[in-house]
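Secondary and tertiary structure notes
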Amino acid sequence: GQQVMQIPQYQHVQEGEDFTTYCNSSTTLSNIQWYKQRPGGHPVFLIQLVKSGEVKKQKRLTFQFGEAKKNSSLHITATQTTDVGTYFCAGSKWGNQFYFGTGTSLTVIP
Amino acid sequence: EPEVTQTPSHQVTQMGQEVILRCVPISNHLYFYWYRQILGQKVEFLVSFYNNEISEKSEIFDDQFSVERPDGSNFTLKIRSTKLEDSAMYFCASRGAASNEKLFFGSGTQLSVL
């Protein structure tokens, strides 16, 4: 079945440092979405990428979709304590379902 | 912003009992989903529902699980005979018609099977 892996599983950074999480799918995706889940909360949509090689930015967040549409990354510049949470990618293969990645839990040390 | 509503927020049940988890998706959405998340782990897809029928389901969604949209607003997940390993947070989600629509998640129901 569809497998979406993320690395690292956990990341601790000092406030102000950068952070990157990588998402890898076992199969080619039609599109990929990114979600953030705060501790004790539910996943909240961040962005969707559709095109091969696409790069999108949201303030300090940069999202990239690989050329082969099998991998993606999320980079946060100059992390803040408000960035704490687990970041999930979720891939779809022209179906209705999105398969979530294993997640990267980010801790920001003030 | 519109919200997906889930009830109850917590459910405790004995092993072997039936539970029904309830969700009210966003009113103009057409696709409905159940996901579950065991503590500290990833969000696992269970089932998607469209046009009053299941469109896709995962290996987790076996004969013990069923979904229903009994009226125009509610979307339920039933577990017929709960097992200890069913203990998890269950999230309902919905989205609109377009393929690039984002998923809106409810706050979840924490199910504890004793």
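Computed from a predicted structure; not experimentally measured.

1. Concerning the overall build of chain B
- Check the secondary structure of chain B and you find 0 helices and 11 strands.
- Reading the helices (α) and strands (β) of chain B from amino to carboxyl end gives β-β-β-β-β-β-β-β-β-β-β.
- Its C-alpha atoms give chain B a radius of gyration of 13 Å, within 12% of the compact-globule value 13 Å for 114 residues.
- C-alpha atoms of chain B, sized along the principal axes, occupy 40 × 25 × 25 Å.
- Taken over 114 residues, chain B has a buried fraction of 46%.
- Intrachain contacts of chain B at a sequence separation of at least 6 include 53% that bridge at least 24 residues.
- Entry remark: accessible area of chain B is about 5800 Å², with carbon and sulfur atoms responsible for 45%.
- Separation of charge centres in chain B, based on 10 positive and 14 negative side chains, amounts to 0 Å.

2. Points about the side chain of Thr-109 of chain B
Residues and elements named next belong to chain B.
- Locating Thr-109 in the fold gives a position in strand β11 (residues 109–113).
- Only 2.5 Å separates the side chain of Thr-109 from the backbone oxygen of Pro-8, close enough to count as a polar contact.
- Setting aside its immediate chain neighbours within four residues, Thr-109 contacts Gln-6, Thr-7, Pro-8, Ser-9, Gln-11, Leu-21, Ala-88, Met-89 and Tyr-90.

3. With respect to the nonpolar core
- Core analysis: the biggest nonpolar cluster contains 22 residues, and Trp-34, Leu-46, Phe-61, Val-67, Phe-75, Leu-77 and Tyr-90 of chain B have the highest contact counts within it.
- For this core, the elements supplying multiple residues, two or more each, are β3 (19–24), β4 (31–37), β5 (43–50), β7 (65–68), β8 (75–79), β9 (88–95) and β11 of chain B.
- The next biggest cluster of nonpolar side chains, apart from the first, holds 19 residues, and it includes Leu-29, Trp-34, Ile-47 and Ile-76 of chain A.

4. Side note on the state of the cysteines
- Counting across every chain of the model gives 2 disulfides over all chains.
- Linked covalently through their sulfurs, Cys-23 of chain A and Cys-89 of chain A form a disulfide whose S-S length is 2.0 Å. Since a negative S-S torsion denotes a left-handed disulfide, the Cys-23 of chain A-Cys-89 of chain A link at about 80 degrees is right-handed. One end of the pair, Cys-23 of chain A, is in strand β3 (residues 19–25); the other, Cys-89 of chain A, is in strand β9 (residues 85–92), and 66 residues separate them in sequence. The burial state of Cys-23 of chain A is the same as that of Cys-89 of chain A; both residues are buried.
- Disulfide pairing is shown between Cys-23 of chain B and Cys-92 of chain B; the S-S distance is 2.0 Å. Between Cys-23 of chain B and Cys-92 of chain B, the disulfide has an S-S torsion of -65 degrees and is therefore left-handed. Note that Cys-23 of chain B is positioned in strand β3 and Cys-92 of chain B in strand β9, a separation of 69 residues in sequence. A single burial state applies to Cys-23 of chain B and to Cys-92 of chain B, both of which are buried.

5. Brief notes about the interface of chain A and chain B
- If you look at the interface, chain A gives 18 residues, while chain B gives 21 residues.
- Counting the contacts that link chain A with chain B gives 0 salt bridges.
- Along the contact surface separating chain A from chain B lie 4 residue pairs in polar contact (both at pLDDT 80 or more).
- The greatest single-element share of the side of chain A that touches chain B, amounting to 4 residues, is contributed by strand β4 (residues 31–37) of chain A.
- Here the residues of the side of chain A that touches chain B sort into 7 nonpolar, 11 polar and no charged.

6. Things to note about unusual backbone geometry
- For the bond running from Ile-7 of chain A to Pro-8 of chain A, omega is -5 degrees, close enough to zero to count as cis.
- In this fold, Pro-8 of chain A is placed in the loop between β1 (4–7) and β2 (10–14).
- With an omega dihedral of -10 degrees, the bond running from Thr-7 of chain B to Pro-8 of chain B counts as a cis peptide bond.
- Following the sequence through the fold, Pro-8 of chain B ends up in the loop between β1 (5–7) and β2 (10–13).
- The phi torsion at Lys-69 of chain A lies on the positive side, around 55 degrees, for a residue other than glycine.

The rules behind each value
- Residues numbered from 1 in each chain as written.
- Chains lettered and ligands numbered in written order.
- Predicted model: local features only at pLDDT ≥ 70, side-chain atom pairs only at ≥ 80, totals over all residues.
- Heavy atoms only, no water.
- Helix = DSSP H or I, 4+ residues; strand = E, 2+ residues; numbered from the N terminus.
- Rg over C-alpha atoms; globule rule 2.2 N^0.38 Å.
- Buried < 20%, exposed > 50% of the residue type's maximum accessible area, 1.4 Å probe, protein only.
- Contact = heavy atoms within 4.5 Å.
- Areas by Shrake-Rupley, 256 points an atom, 1.4 Å probe, with all protein chains shown as cover.
- Lys, Arg positive; Asp, Glu negative; His and termini not counted.
- Charge placed at Lys NZ, Arg CZ, Asp CG, Glu CD.
- Polar contact = N/O pair within 3.5 Å; in protein donor to acceptor, adjacent residues only side chain to side chain.
- Core = buried A, V, L, I, M, F, W, Y, C linked by side-chain atoms within 4.5 Å.
- Disulfide = S-S within 2.5 Å.
- Salt bridge = Lys/Arg side-chain N within 4 Å of Asp/Glu carboxyl O.
- Nonpolar A, V, L, I, M, F, W, Y, C, P; charged D, E, K, R; others polar.

By themselves, these are just geometric observations and shouldn't be taken as functional.
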